[in-house]
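What follows is the residue order along each chain.
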Amino acid sequence: MDNEFTLDEYDRPMAEFSSGFEALGRWLSEEVGDDEQQIEELLDIITQLEQKRINSRQLFGRDAQLTLSHNQVEAI
């Protein structure tokens, strides 16, 4: 999976992912962006998944949802 993290013309974070993973890039760019609280929440969820304290978690955004589990991330 190829990905690129950049800033747009307004200095907002942008995530671009390879074919098949575009929805994840949109989620990170549009739903998380530079919101430090959401970044911290996402990192905490990832830590909990890695430590097997939780099995999965769903995050609901304005236009999409992100489902994270031990071996899968799905943005729809």
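Above this text you will find the structure in question.
All of these numbers come straight from a predicted model, not from anything done at the bench.

### Let's talk about the environment of Thr6
Argument step 1. Inspection of the secondary structure assignment puts Thr6 in strand β1 (residues 3–7).
Argument step 2. Given the relative accessible area of 29%, Thr6 is considered partly exposed.
Argument step 3. Taking the C-alpha atoms as reference points, Thr6 and Glu16, separated by ten residues in sequence, lie 8.3 Å from one another.
Argument step 4. Once residues within four sequence positions are removed from consideration, Thr6 is found in contact with Arg12, Pro13, Met14 and Glu16.

### Some details on helix α2 (residues 36–50)
Argument step 1. Between its first and last C-alpha atoms α2 spans 21 Å; for 15 residues at 1.5 Å apiece the expected length is 21 Å, and the two agree.
Argument step 2. Those residues of α2 not exposed but buried are Leu42, Ile45, Gln48 and Leu49. The buried residues of α2 occupy one face: seen down the axis, they fall within an arc of 125°. The exposed set on the far side of α2, more than 90 degrees from its buried face, consists of Glu36, Glu40 and Glu50.
Argument step 3. Residues of α2 that are buried make contact with α1 (22–32), β3 (56–60) and β4 (65–69).
Argument step 4. Two or three places before Gln37, at the start of α2, stands the capping residue Asp35, its side-chain oxygen 3.0 Å from that residue's backbone nitrogen.
Argument step 5. The first or second residue beyond α2 is Lys52, which carries a positive phi of 60°.

Conventions used here
Residues numbered from 1 in each chain as written. Predicted model: local features only at pLDDT ≥ 70, side-chain atom pairs only at ≥ 80, totals over all residues. Heavy atoms only, no water. Helix = DSSP H or I, 4+ residues; strand = E, 2+ residues; numbered from the N terminus. Buried < 20%, exposed > 50% of the residue type's maximum accessible area, 1.4 Å probe, protein only. Contact = heavy atoms within 4.5 Å. Expected span 1.5 Å × (residues − 1). Arc of directions from axis to C-beta. Polar contact = N/O pair within 3.5 Å; in protein donor to acceptor, adjacent residues only side chain to side chain.

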